[in-house]
Amino acid sequence: MSQPPPENSDSQQPDANSTQQADGFTPQNVVQGNQNRAVLGDNNTVVQGNNNLMLTIKELILGQQTTPVGNPTRPKNERILLAAVKEEVTGWLRDSLHNAVLINLDKESQPQQVKRPWDAQIKIGLKPAEPIPDTTTILQVFDSEGIAGKLLILGAPGAGKTTTLLELAQALIKRSEEQPDYPVPVLFNLSSWKDDRQSLADWLVAELKSKYGVSKQLGKKYLENHQLLPMLDGLDELEPVRQQTCVQAINRLLQAEYRCQYLVICSRSEEYGNYKTRLQLNGAICLQLLTDNQIRKYLIDTNHAYLWQFINKDPNLLELTKVTILLSIFVLAYQETFINSWENMTEERWDNISAENWTQISSSDSFNLQDLLDAYVQRMLLREINSRAYINQKIPTKRQTTLWLVWLAQQLEKEYKTEILIEEIQQSWLRTIGLKRLYRIILGLIIFSVCGAIFGLVINGYIGLIVGIILGLTYALASEKGVVIETIVLSKLNKKRLFRGLAVGSGFGLVIGLILCLILQDNQGQIYGMIVGIMFTLLIGLLFGQPDTTIETKIIPNQDIRKSAVNAISLSLIIGIIVGLIIGVIRNPMEGLITGVIFGLIFGLVAGGDACIQHFTLRLILYRNGYIPWNYARFLDYCTERLFLQRVGGRYRFMHKLLQDHFAQMDFKRN
């Protein structure tokens, strides 16, 4: 089992003034762009995202700023979604380890891997596998008469399935930009399908909301009207016992009333071969391992032709590099690809290894996958970079970087995920029962203190104590999953739903107001009962009136928590000012000021403040126990610079699932 490199660990302290990226720094060979990028070659290249603070604030307040793409005759929301998917696909392809040279992989048609409606009659399913001409592109396969847009892509781990899926998505996006009636290709990862009772149609709608910000009503409309082209990756990344269940759910989706006109699915060949149920698609292809000629050509095209002599000398190494991703990893890590004796290497020796002295220092034993990945990790940790993530701060040590990546990989493996959104970190990341209890205690105390103080000041200490205890215990006992509340949109309210919400809210407000009047039984009770009734009416009206035809993409890390904070502050100010003015006129200015502050805090907590408190509490415990750094987004950006992670928008994932698995197998040892 792999181990983190030995090194004394320094603790990283929180930096209240730190930013995730810095402005005004453009070293040689750096290109500015919208997303993070890091490519290792003869000249190191690092590209970081947009750092403009005012733009970030504007994006948080006004929502997405994605520029629509495609034919203007296509509805604007579809063009925004198309732009978001295009940006995602471009980012993943650009950040892939083999982005410099994309190989047109050999493909084999395997019709026996799917079950088509007509197979029973004409026995096409019994047709043997046959190679596809090497000049055939994946788009041509997708468009072929026999497949007609319903395709299964199979292959070994690292064979290029996801890259092939992205290449197909890129071609289909171009087609959608040119043809306004063509469905929008959208990427989904099946590892996020967690509930067997949830239909794939409902899951697609929920994922559109979670990943691209498409409202559920609009997502359902897109699905029913065949305006989407789902491209599903990660079937084999589900829990093994649920993979066949997912195949059955996909088949039900294909038979549903609003069945997909087109559908593409990726899976590892070995796992798919174990399923008793076959996907009801039109055809399947299996990506083949690289040939010797393809390996040589790749090395020549990437200016590493001299490596062929080393690969060709070792049969095991040659077999490894026939896997596309491992060939890319070998090229990046060849200076460290030293097998049995690597534990005896010093940092100086690592830096001085070259192709010329390869044969003197390599052992007689053959390569294996773990050795190659170990070498890649060492190479990425030791190579010199001009980090923009930590431009003014001390960068993490090699040991800290490794440990935090091990922790991240283990959490993703435990939850059967391949991507992380910082705002989706949940209580399940706490490993021990003791830490989970500590989280609930801290959260309950914070809620108790805030709510108890507020209600105690508004009404009386006795009621404040009771309310504080009830809400504190409620959050402490029911805090399995944090709730993220996004920003309330005031500029595009749905008037019909707004009035409906005001009607519903007035009913709730009337009941709550009457209860307060009965409790207090004086003029003060009548005043506060009236205010609470009005406030609940306005709040529920705003929530009901939110536009349901907007699309909002996640463009920065932890975006939803930031929006929850903006939402809480905004509503606190609005409610606080209104209540303060009313009480100030009816009673006196001082009482109006106090009451406005109190009511503002109450509604701010309800409208997003509680989500921020839960997230802060969880992050604090993880940081204090050494599982993550304080500024997690900055660290993850740093890992993209070191070619461990990829980032698109606010999402991060390991460069490849094999690398994630490699880190997950390491031991997490802080000492």
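Residues numbered from 1 in each chain as written. Predicted model: local features only at pLDDT ≥ 70, side-chain atom pairs only at ≥ 80, totals over all residues. Heavy atoms only, no water.

1. A few points about the overall build of the protein
Logical step 1: The helix and strand tally for the protein stands at 25 helices and 12 strands.
Logical step 2: When the 671 residues of the protein are sorted by exposure, 54% land in the buried category.
Logical step 3: Of the contacts formed within the protein by residues at least 6 apart in sequence, a portion of 77% connects residues at least 24 apart. (Helix = DSSP H or I, 4+ residues; strand = E, 2+ residues; numbered from the N terminus. Buried < 20%, exposed > 50% of the residue type's maximum accessible area, 1.4 Å probe, protein only. Contact = heavy atoms within 4.5 Å.)

2. What to know about the sheet that holds strand S10 (residues 419–421)
Logical step 1: Ordered in space as S10-S12-S11, the three strands form an open sheet in which the pairing is antiparallel. Strands with a single pairing partner mark the edges of an open sheet, and in this sheet they are S10 and strand S11 (645–648). Adjacent strand axes in the sheet meet at a mean angle of 25 degrees, parallel and antiparallel pairs treated alike.
Logical step 2: Where helix H2 (residues 76–94) meets the sheet, its contacts fall on S10, S11 and strand S12 (651–654), and the angle it forms with S11 comes to roughly 160 degrees. (Pairing = 2+ DSSP bridges. Axes fitted to C-alpha atoms, helices over the stretch in contact; angles between N-to-C directions.)

3. A short note on the nonpolar core
Logical step 1: Ile250, Tyr376, Tyr632, Phe644 and Phe663 are the most contacted members of the largest nonpolar core, which has 145 residues in total.
Logical step 2: Not counting chain neighbours up to four residues away, the residues in contact with Ile250 comprise Leu190, Leu200, Leu232, Leu263, Ile265 and Leu279.
Logical step 3: Ile583, Phe599, Phe603 and Ala607 belong to the second-largest nonpolar core, a separate cluster that totals nine residues. (Core = buried A, V, L, I, M, F, W, Y, C linked by side-chain atoms within 4.5 Å.)

4. A word on the pattern of salt bridges
Logical step 1: For the structure on display, the rule yields 16 salt bridges.
Logical step 2: The residue Lys86 makes a salt bridge to Glu177 at a minimum N-O spacing of 3.0 Å. Placement of Lys86 in helix H2 and of Glu177 in helix H5 (residues 161–178) is noted, with a sequence separation of 91 residues between them.
Logical step 3: Salt-bridge contacts for Glu419 lead to Arg651; the nearest nitrogen and oxygen are separated by 3.2 Å. With Glu419 in strand S10 and Arg651 in strand S12, this residue pair connects regions lying 232 residues apart in the sequence.
Logical step 4: Taking relative accessible area as the criterion, Glu419 reaches 15% and is therefore assigned buried.
Logical step 5: A single network of salt bridges, built from pairs that share partners, joins Asp196, Glu239 and Arg242. (Salt bridge = Lys/Arg side-chain N within 4 Å of Asp/Glu carboxyl O.)

5. Considerations on the confidence of the model for the protein
Any region with low pLDDT has predicted coordinates that should not be read closely.
Logical step 1: Across the protein, pLDDT averages 76, with 69% of residues at or above 70.
Logical step 2: Scored below 50 in pLDDT, residues 121–125 shows nine contacts in the model against residues more than four places distant or in partner chains.
Logical step 3: For residues 336–347, every residue scores under 50 in pLDDT, and the model assigns this stretch 27 contacts once sequence neighbours within four places are set aside. (pLDDT = per-residue confidence, 0-100.)

6. Focus: unusual backbone geometry
Logical step 1: In this model, His226 sits at a positive phi of 60 degrees, which is unusual for a non-glycine residue.
Logical step 2: Its location among the elements puts His226 in the loop between helix H7 (216–224) and strand S7 (228–233).
Logical step 3: Residue Asn303 is not a glycine yet carries a positive backbone phi of 65 degrees.
Logical step 4: Along the polypeptide, Asn303 turns up in the loop between helix H10 (292–301) and helix H11 (308–313).

7. Considering the packing of helix H17 (residues 398–414) against helix H24 (residues 632–641)
Logical step 1: It is the contact of H17 with H24, at a shortest axis distance of 12 Å, that shows an interaxial angle of 100 degrees. Relative to H24, the element H17 is oriented roughly perpendicular. Between H17 and H24, the residues in contact are Thr401, Trp404, Leu405 and Leu408 and Tyr632, Phe635, Leu636, Tyr638 and Cys639, respectively.
Logical step 2: The class makeup of the residues in the contact of H17 with H24 is eight nonpolar, one polar and no charged. (Parallel < 35°, antiparallel > 145°, perpendicular 65-115°, else oblique. Nonpolar A, V, L, I, M, F, W, Y, C, P; charged D, E, K, R; others polar.)

8. Observations concerning the environment of Tyr212
Logical step 1: Assignment of secondary structure puts Tyr212 in helix H6 (residues 200–212).
Logical step 2: For the pair Tyr212 and Val85, spaced 127 residues apart in sequence, the C-alpha separation works out to 8.3 Å.
Logical step 3: Within the local environment of Tyr212, its side chain forms a polar contact with the backbone oxygen of Leu187, the two atoms lying 3.4 Å apart. (Polar contact = N/O pair within 3.5 Å; in protein donor to acceptor, adjacent residues only side chain to side chain.)

9. Looking at H7
Logical step 1: Residues Leu218, Gly219, Tyr222 and Leu223 constitute the buried set of H7. One face of H7 carries all of its buried residues, which in axial projection span an arc of 140 degrees. Exposed residues lying more than 90 degrees from the buried face of H7 are Lys216 and Gln217.
Logical step 2: If you follow the buried residues of H7, they end up packed against H2, H6 and S7.
Logical step 3: Phi turns positive, to about 60 degrees, at His226, one or two residues after H7. (Arc of directions from axis to C-beta.)

10. Some points on the environment of Asn625
Logical step 1: Counting through the fold element by element, Asn625 comes out in the loop between helix H23 (589–624) and H24.
Logical step 2: Residue classification places Asn625 among the partly exposed positions, given a relative accessible area of 24%.
Logical step 3: Along the backbone, Asn625 and Leu430 are 195 residues apart, and their C-alpha atoms lie at a distance of 9.7 Å.
Logical step 4: At a separation of 2.8 Å, a polar atom in the side chain of Asn625 contacts the main-chain carbonyl oxygen of Ile621.

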